[in-house]
Amino acid sequence: MNSARLVLENLYLRDYRGYSQLVFSPDRHVNVLVGPNAAGKTNLLEAINYLSTLRSPRTARDADLVRWDAVAFYIKGEFRGDGPSHTLEVGYRSGRRRALRVDGVPVRRIAEFVGTINSVFFSPDDLALIKGSPGIRRSFFDAEIGQVDARYRRDLEAFGRILSQRNDCLKQLSFSRSSTSSANALLEPWDIQLADVSGRLVSRRIDHVNRWMALTRKVHAELVGKKEALAATYRAEYLDDSISLGVNVDEDGLEASQVGSKLLAALEAARKEEIERGYTRVGPHRDDYQFLVSDRIARMYASQGQQRSIALALKIAEVDWMRRETSSAPILLLDDVLSELDVARSNRLSELLDSGSQTLI
């Protein structure tokens, strides 16, 4: 499949991780970074990935990205390609709002920044996508879907704001002795808003990951053969059943209104418990993606080798899925993954080097 290419031409780092200052100009095709442990190879790949997702694959705290004896970091990437060129800048200082610029223009919303360029990051830590907590999987899929879907990014931001405000309301109610009618009157507007945005969010999650998982199942079969059938489901407490992913790609998924109605009913049923606990107990922030190998839950029963195969298939398929969704080849960032794989899997991953993407290994 022919794809447009937007490549990193220049990267500038200041006080990022171990770098006091760096100017890096990679080749448009394949780049191999060689050096001893702790030389900063992974940090460089992480900085490029940060410019596409505004999150690190290794930490949830921006403060962890600041060089140990500094108070702020700065990243700038200049991207050139077949279409419009772009310059992305991120500045972070402890205690202040993150400063974002796209083509020299300040932007305040993450949704205006993410999606300008796309990347796929391969790491030995990808195993956590299979055996880790639901939060790891949600965060990963939210970030990757956010790279290709502007509406999803906007809804995700809106969901975060509404959830925070609803939780504040629940905390106030948990310390007060409000009547049931008063509590209902306070919560119902937030319930309606949360259900509305959640419906759109979950509907698009399922839609995107359904197509992604169809590709993942094919890659997985190539890696391990047909002896191990891979399946995946989307699990949510407020939905009647788990949703199969990657099987019926051409069928219509759940409509946003369906999801919203089911969540609204679940919020009403959980209202007393949520007031007692002071937080929102059901919603997209608690949902999970479950992988199965031969009908057995991979997180619990798959061997480490099986889990690694699933994670690798997921990431290899992501490259094709992202190219199909955006008509653009993502930048590939491979962090020492070849050393973790056997010959067959290494060869399959190496085929991506001929995919037309700019690659850093």
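Described in the following lines is the structure provided in the data block. Small disclaimer: the values here were computed from a predicted structure and weren't measured.

**Quick word on the sheet that holds strand β3 (residues 30-31)**
Sheet architecture is open: four strands sit in the order β3-β15-β14-β8, paired in parallel fashion. The open sheet has two free edges, formed respectively by β3 and β8 (119-122), since each of these has just one partner strand. Sheet topology note: the β3/strand β15 (residues 359-360) ladder contains two bridges and is parallel. Looking across to β15, one finds that N31 is bridged to L360. Running over the sheet, helix α9 (residues 304-326) touches β8 and β14 (331-334) and is turned about 170° from β8.

**A look at a negative patch on the surface**
Where like charges cluster on the molecular surface, the negative patch consists of D250, E251, D252 and E255. Residue placement: D252 occurs in the loop between β10 (243-245) and α6 (256-269). Using a relative accessible area of 76% as the deciding quantity, one classes D252 as exposed.

**A short note on the layout of surface pockets**
Of the volumes computed, that of the largest pocket is approximately 1,100 Å³. Residue lining of the largest pocket: 40 residues in total, with T53, L54, R55, S139 and A143 positioned closest to the centre. Considering each element in turn, the lining of the largest pocket owes the most residues, seven residues, to helix α3 (residues 134-148). Grouping the amino acids of the lining of the largest pocket by side-chain chemistry returns 16 nonpolar, seven polar and 17 charged. Empty space within the second largest pocket amounts to approximately 340 Å³. Sorting the residues of the lining of the second largest pocket by element identifies α5 (180-224) and β10 as the ones contributing at least two each. For the lining of the second largest pocket, the element with the highest residue contribution is α5, accounting for six residues. The residue makeup of the lining of the second largest pocket, split by class, is five nonpolar, five polar and five charged.

**Focus on the packing of aromatic side chains**
Evaluated as defined, the whole model comprises nine aromatic pairs. Between F140 and F141, the ring centres sit 5.1 Å apart and the planes meet at 65°, which makes this aromatic pair edge-to-face. The structure contains a cluster of three or more aromatic residues connected by ring pairs, namely F140, F141, W212, Y234, Y289 and W321. The side chain of K76 reaches across the aromatic face of Y12, ending 5.3 Å from its centre. Sitting above the plane of the F122 ring, K315 keeps its charged end 5.8 Å from the centroid.

**Concerning the pairing of strand β5 (residues 86-93)**
Among the eight residues that make up β5, seven are buried, leaving the element largely enclosed by the rest of the structure. Where strand β4 (residues 72-81) and β5 come together, eight bridges link them in antiparallel fashion. Residue pairing in the sheet places F79 in a bridge with H86 of β5. Linking two consecutive strands that pair antiparallel, namely β4 and β5, is a turn of four residues.

Rules used throughout
- Residues numbered from 1 in each chain as written.
- Predicted model: local features only at pLDDT ≥ 70, side-chain atom pairs only at ≥ 80, totals over all residues.
- Heavy atoms only, no water.
- Pairing = 2+ DSSP bridges.
- Helix = DSSP H or I, 4+ residues; strand = E, 2+ residues; numbered from the N terminus.
- Contact = heavy atoms within 4.5 Å.
- Axes fitted to C-alpha atoms, helices over the stretch in contact; angles between N-to-C directions.
- Patch = residues over 30% accessible without salt bridge, like charges linked within 9 Å, V, L, I, M, F, W, Y side chains within 5 Å.
- Areas by Shrake-Rupley, 256 points an atom, 1.4 Å probe, with all protein chains shown as cover.
- Salt bridge = Lys/Arg side-chain N within 4 Å of Asp/Glu carboxyl O.
- Lys, Arg positive; Asp, Glu negative; His and termini not counted.
- Charge placed at Lys NZ, Arg CZ, Asp CG, Glu CD.
- Buried < 20%, exposed > 50% of the residue type's maximum accessible area, 1.4 Å probe, protein only.
- 1 Å grid on protein atoms, 1.4 Å probe; cavity = no way out; pocket = protein on both sides within 12 Å on 5 of 7 lines; lining within 4 Å.
- Points joined across faces, edges and corners; volume = space filled by probe spheres on them.
- Nonpolar A, V, L, I, M, F, W, Y, C, P; charged D, E, K, R; others polar.
- Phe/Tyr/Trp six-rings, centres within 6.5 Å; stacked < 30°, edge-to-face > 60°.
- Lys NZ or Arg CZ within 6 Å of the ring centre and 35° of its normal.

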